[in-house]
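# What the coordinates show
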Amino acid sequence: MMPEPTPNKDAAAVAAEHNRDCDFARKALAFNHLTLSYIARGAPLDQLLDRIASGFSCATPQRMLAIFLFDAQARRMRIGAAPRMAPAFLAEVTALEVDDPDTPGFWSGLSALGAPYGLRLREMLPLRSFAGEVAGVLVVCAEGQAAVDDSVERDQGYRDSVGAAVSMAMLAIERSLVPVHVRVKGEPPGMADERMALAIEGSGTGIWDRNAVTGEMYYSRGWKAILGYEDWELSSHLEDAYQRIHPDDLAYVQETVRQHFESRSDNYQVEHRIRCRDGSYKWICSRGKVVARDAQGNALRMIGTTTDITEIKSLTEKLAKSSRMLDYLTHEIPGMVFQFKVPPDGRGYFTYVSEGARETYGLTPQQLLESPTVIKSVIHPEDMPLYEAARQAVLAGASHWILEFRVMPPGQCVRWLRGEARPRRLADGTILWHGFISDISQSKAIELELQEFALTDYLTQLPNRRHFMQRLLEEYNRIQRGIAGTAAVLMCDLDHFKRINDSLGHAVGDQVLKHFAGVLMSQLRKTDAAGRLGGEEFAVLLAGVDLQAAAEFATRLQNCFAGQPLWHDGRKVEVTLSIGIALMQADSAGQEQVLRASDDALYRAKERGRNRFEFAPLACVPRG
Ligand SMILES: Nc1nc2c(ncn2[C@@H]2O[C@H](COP(=O)(O)OP(=O)(O)OP(=O)(O)O)[C@@H](O)[C@H]2O)c(=O)[nH]1
């Protein structure tokens, strides 16, 4: 109760004190209401008594409150709640033998026990059951050796607190005596089909029921369990419910509810975060529906279910992450990543194509997904047989796929691509190919350049020995297979070339070699070939000719070379040419042997005075 104002206090001080008292009374009332609602919902007795004792200690810090429960059979006390009291003292209390806690003798005994611990017993009130039996005692103690300020006990607020604590403790004790099955009877309100509700609860889903007019909420036991609450916990106020929703999700939830209340959606469905008892957040999915409206269409009642989707959310997030990662990888790496599926029926199709399809084939991923044959429209015609053969091999179940081929996307220049893929065989016979297409145009250009470099004589730009010998072998094979007739092989050597080097210098010698190469090339047909075999030695292959035609060519070449001499410092650099000729035919032992025979003939031409040609006698060309 509010103390009487003293005459020397000014009005402001009195008002402040009054406000403090009102505030205190409001808080105490709210605390007691909540405790009573916990009692009504059957919260465990120990937790209730603890709440009552702690609440009292908060309101009256000068005193300590303990509740001891009496077991008449064992004539012992057990601790109901005793926050802040020494464990040794409590141990002695439980060891104390009590005939009847409702006697002055018990008071003295308990006082004596507390004294050594600095506890001075101020009140001891019996807690009676409805049947009138003493079920326990509520004890209030002062602490310390100093003189006790007994004005505390005279304060009406204190008296009210003690009274409330006693009443609530008695209620809690009485409630704890009611069998459980009696307590759960009658809930949940508004659940027409209890079995259905139980089934839903059994599946880990919670049920809620909202009075849309008063804002009162009913939560099922399962709903509370999702958030880690006991069945007797949680208030039924809508404001409290909204406070549990993650602040970032609140507006979205409220807006969705509003829309459903206004009949703008058939169902209410939200996914949001909600605060649990331990302060952590869970993701939940709530689905519901307004089940009753008034004549004006205003929502009266809404029922729904809540499912914990935290794990699904985290899995979804993980999946999204790896999918994003895949996208980043396939988008950022130049080239096209794909998955190609070949079912047992042998008709293959793409199941995944990355964005790289645009830069490789000049086609969209969608085009490839719709039909893999669209690729054929951009394959270089010369590489089509190669590509088709590789495709057939893939469909037939090859063990790998590696192919370098050219494409000509519309409006773009020719590009070299390299494809590589490996198969994975599934149990049903399906083969999944995973592969990668890269644009190798740049490296291919370098490779071709190097190839050219490796096969070309740097000075004259004629094929070098290796290249010429390849060409000679090809022609020999053609003759062997009967595709071509005879061919002539000519070995040409500049006469006294050393003298030019010695007299005019090596650089002029180089120019003479280049000049001769030019003259030689000018005399060749497309089907012929020439090469610089080394030094001032050149070889010529005249396809499809006999010795007569070869002799005519040799004469023409010599005349041509003589008729177009190189000029140096205003003077002609006159060089003549010796040639040895051998015939390559079907029965020749090999291209090397034919070349050697022409070389022998050249040697004879040199011997016989140079600037002339000689035939290798047919008998001298080894036969196979
Ligand atoms: N300038 C220049 N000279 C070269 C090159 N390769 C070889 N030679 C020279 O060609 C000359 C060939 O001399 P020899 O083998 O004696 O032949 P020759 O002087 O032509 O005499 P015959 O062949 O017997 O008519 C040597 O002096 C080589 O150094 C080259 O790439 N450039």
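In what follows, the structure referred to is the one given above.
Within any chain, residue numbers begin from 1 and follow the written order of that chain's sequence. Per-residue local features are limited, in this predicted model, to residues with pLDDT of at least 70; the limit for side-chain atom pairs, both in listing and counting, is 80 or more; totals at the level of whole chains, interfaces and linings are taken over all residues. With hydrogens and water excluded, all non-hydrogen atoms of the structure serve as input to the side-chain values.

### Some words on the pairing of strand E9 (residues 299-308)
Selection rule: DSSP bridges decide pairing: two strands pair if at least two such bridges lie between them. A run of DSSP states H or I qualifies as a helix once it reaches four residues; a run of E qualifies as a strand once it reaches two. Both are numbered from the N-terminal end.
Sheet topology note: the strand E5 (residues 205-211)/E9 ladder contains seven bridges and is antiparallel. Counterpart to Asn 211 in the pairing with E9 is Arg 301. Note: strand E8 (residues 281-293) against E9, nine bridges, orientation antiparallel. Each bridged residue has a counterpart across the sheet, and for Ser 286 the counterpart in E9 is Thr 306. Between E8 and E9, which pair antiparallel one after the other, the connecting turn spans five residues, and Gly 297 there sits at a positive phi close to 90°.

### Digging into a nonpolar patch on the surface
We apply this condition: Patch criteria: residues need more than 30% relative accessible area and no salt bridge. Like-charged residues are merged within 9 Å; nonpolar side chains of Val, Leu, Ile, Met, Phe, Trp and Tyr are merged within 5 Å. For every accessible area listed, the method is Shrake-Rupley and the probe measures 1.4 Å; residues are considered covered only by the protein chains on display. A pair is scored as a salt bridge if a Lys or Arg side-chain nitrogen falls within 4 Å of a carboxyl oxygen belonging to Asp or Glu. Buried residues are those whose accessible area, probed at 1.4 Å on protein chains only, stays under 20% of the maximum for their type, while exposed residues exceed 50% and partly exposed ones sit between those limits.
Taken together, Leu 36, Phe 130 and Leu 171 make up a surface patch of nonpolar side chains, about 300 Å² in accessible area. Accessibility expressed as a relative area gives 36% for Leu 171, which makes it partly exposed.

### Points about empty space enclosed by the protein
Think of a ball as big as a water molecule: rolled over the atoms, this probe shows where empty space is left. Put simply, the test is: As defined here, a cavity is a set of points on a 1 Å grid over the protein atoms alone where a 1.4 Å probe fits but cannot get out. A pocket is an open set with protein on both sides within 12 Å along at least five of seven lines, and residues line them when an atom is within 4 Å of a point. Grid points are joined across faces, edges and corners, and a volume is the space filled by probe spheres set on the points.
On inspection of all chains with the given rule, the structure shows two cavities of 30 Å³ or more. When its volume is computed, the largest cavity comes out at roughly 270 Å³. In this structure, the largest cavity is lined by 19 residues; those nearest its centre are Phe 340, Phe 350, Tyr 387, Arg 391 and Trp 401. Among the secondary structure elements, those contributing two or more residues to the lining of the largest cavity are strand E10 (336-342), helix H15 (384-395), strand E12 (401-407) and strand E14 (431-439). With five residues, H15 is the single largest residue contributor to the lining of the largest cavity.

### Some points on the site of the ligand
Condition: Here, proximity means that at least one heavy atom of the residue falls within 4 Å of the molecule or strand. Pairs of N or O atoms within 3.5 Å make up the polar contacts considered here, provided that, within protein, one atom can donate a hydrogen while the other can accept it, and that residues adjacent in sequence are counted only when both atoms are side-chain atoms.
Every one of the 16 residues lining the ligand counts as a neighbour, but His 496, Phe 497, Asn 501, Asp 510 and Arg 532 are closest to it. Here Glu 536 contributes a side-chain N or O atom positioned 3.0 Å from an oxygen atom of the ligand. At 2.9 Å from an oxygen atom of the ligand is found a side-chain nitrogen or oxygen belonging to Lys 606. Look at the ligand: alone it shows 660 Å² of surface, and the protein chains cover 68% of it.

### Observations regarding unusual backbone geometry
The phi dihedral of Asp 569 falls on the positive side, at around 50°, and the residue is not glycine. Along the chain, Asp 569 falls in the loop between strand E18 (566-568) and strand E19 (571-573). Asp 569 sits in the exposed class, given a relative accessible area of 70%. One non-glycine residue with positive phi stands out, namely Arg 610, at about 70°. For Arg 610, the position within the fold is in the loop between helix H21 (591-607) and strand E21 (613-615). Of the residues examined, Arg 610 reaches a relative accessible area of 31% and is grouped as partly exposed.

### So, the side chain of Thr 330
Threshold: Only heavy atoms matter for contacts: two residues are in contact if any of them lie within 4.5 Å across the pair.
Relative to the helices and strands, Thr 330 is located in helix H12 (residues 310-332). A distance of 3.1 Å separates polar atoms of two side chains, one belonging to Thr 330 and the other to Tyr 352. When sequence neighbours within four positions are dropped, the list of residues in contact with Thr 330 reads Gly 335, Val 337, Tyr 352 and Ser 354.

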